Amino acid sequence: MTMAPYDVLRRALSAERLSTYERIASTCSPDVTAEYLYLWNMRMCGALIMPVHLCEVVTRNAAATVLARQHGPRWPWNDAFRRRLPTSSCTSARAALEQVAGRTTDTPEIVAKLPMVFWQQLFTCRFDATLWIPALNGVLRHAPSAHPSVIRKAIHADIGRIRHLRNRIAHHEPILERDIGADLAAIGRLIHARCPHTLGWLQRHERATTVLAASPLAERP
């Protein structure tokens, strides 16, 4: 039996995976198909890799700079710092640091290998007195004018948003119903806080804004 092209695609990708796109397509104009939505979702995910990449690297480097200033270049092995890290789950900051630091003695390598959840957990109120109130304005000097604890809280929320987006992309999940404009705004805030020049460089080269402007959901009824 010869199958229609979409049926072939559906069998390869699974009915379960395409069901989300079929549901969304049923609410769109007739020319917007599940196949087209799936294709656009892949293009959008690909275009977001660059902004997410730059955001994560800039943010973790800024946080690592604060840690080095407060605890020295060997901060991953500083016992006082480690004791302050959350331990509530297997994805806790302390567990992540101990796992990575047990395999290398090179601090830059540790910075590169620590997961984004580690950096997000640094931006919690437990570190206000030791990290952010003394040092945030010096490292993220282009953040909005506010008390360091207020800025830190906003950064924590933005990192959480980008972590969720990053995980959706990494697991090949639908992102087309997200507010991607808000995601890009959060990325922009995080990078700008550290370096407006770097944000401008990103904006000159990224494709995510262009792909988003062509969203098939832009004129959704």
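Residues numbered from 1 in each chain as written. Predicted model: local features only at pLDDT ≥ 70, side-chain atom pairs only at ≥ 80, totals over all residues. Heavy atoms only, no water.

Some words on the nonpolar core
(1) Moving on: If you look at the biggest cluster of nonpolar residues, it comprises 67 residues, and the most contacted ones within it are Trp75, Phe118, Trp119 and Leu122.
(2) Moving on: With 17 residues, helix H3 (residues 34–71) is the single largest residue contributor to this core.
(3) Moving on: Excluding residues within four positions of it along the chain, Trp119 makes contact with Arg60, Ala63, Ala64, Leu67, Trp75, Val111, Leu114 and Ile159. (Core = buried A, V, L, I, M, F, W, Y, C linked by side-chain atoms within 4.5 Å. Buried < 20%, exposed > 50% of the residue type's maximum accessible area, 1.4 Å probe, protein only. Helix = DSSP H or I, 4+ residues; strand = E, 2+ residues; numbered from the N terminus. Contact = heavy atoms within 4.5 Å.)

Here's the deal with unusual backbone geometry
(1) Moving on: Not every positive phi belongs to a glycine, and Ser14 is a case in point at roughly 95°.
(2) Moving on: Although it is not a glycine, His172 sits at a positive phi angle of roughly 60°.
(3) Moving on: Looking at the secondary structure, you find His172 in the loop between helix H9 (148–170) and helix H10 (180–194).
(4) Moving on: In this structure His172 comes out as exposed when scored by relative accessible area, which is 56%.

Section: the packing of H9 against H10
(1) Moving on: Packing of H9 against H10 leaves a shortest axis separation of 9 Å and a crossing angle of 130°. Comparing their axes, H10 and H9 come out oblique. Crossing geometry of H9 relative to H10 is assigned as left-handed. Contacts between H9 and H10 involve Ile155, Asp158, Ile159, Arg161, Ile162 and Leu165 on the former and, on the latter, Ala182, Asp183, Ala186, Ile187, Arg189 and Leu190.
(2) Moving on: Residue classes in the contact of H9 with H10 are distributed as eight nonpolar, no polar and four charged. (Axes fitted to C-alpha atoms, helices over the stretch in contact; angles between N-to-C directions. Parallel < 35°, antiparallel > 145°, perpendicular 65-115°, else oblique. Left-handed = near helix turned anticlockwise from the far one by under 90°. Nonpolar A, V, L, I, M, F, W, Y, C, P; charged D, E, K, R; others polar.)

Remember, this is a structural readout, not a statement about activity or role.
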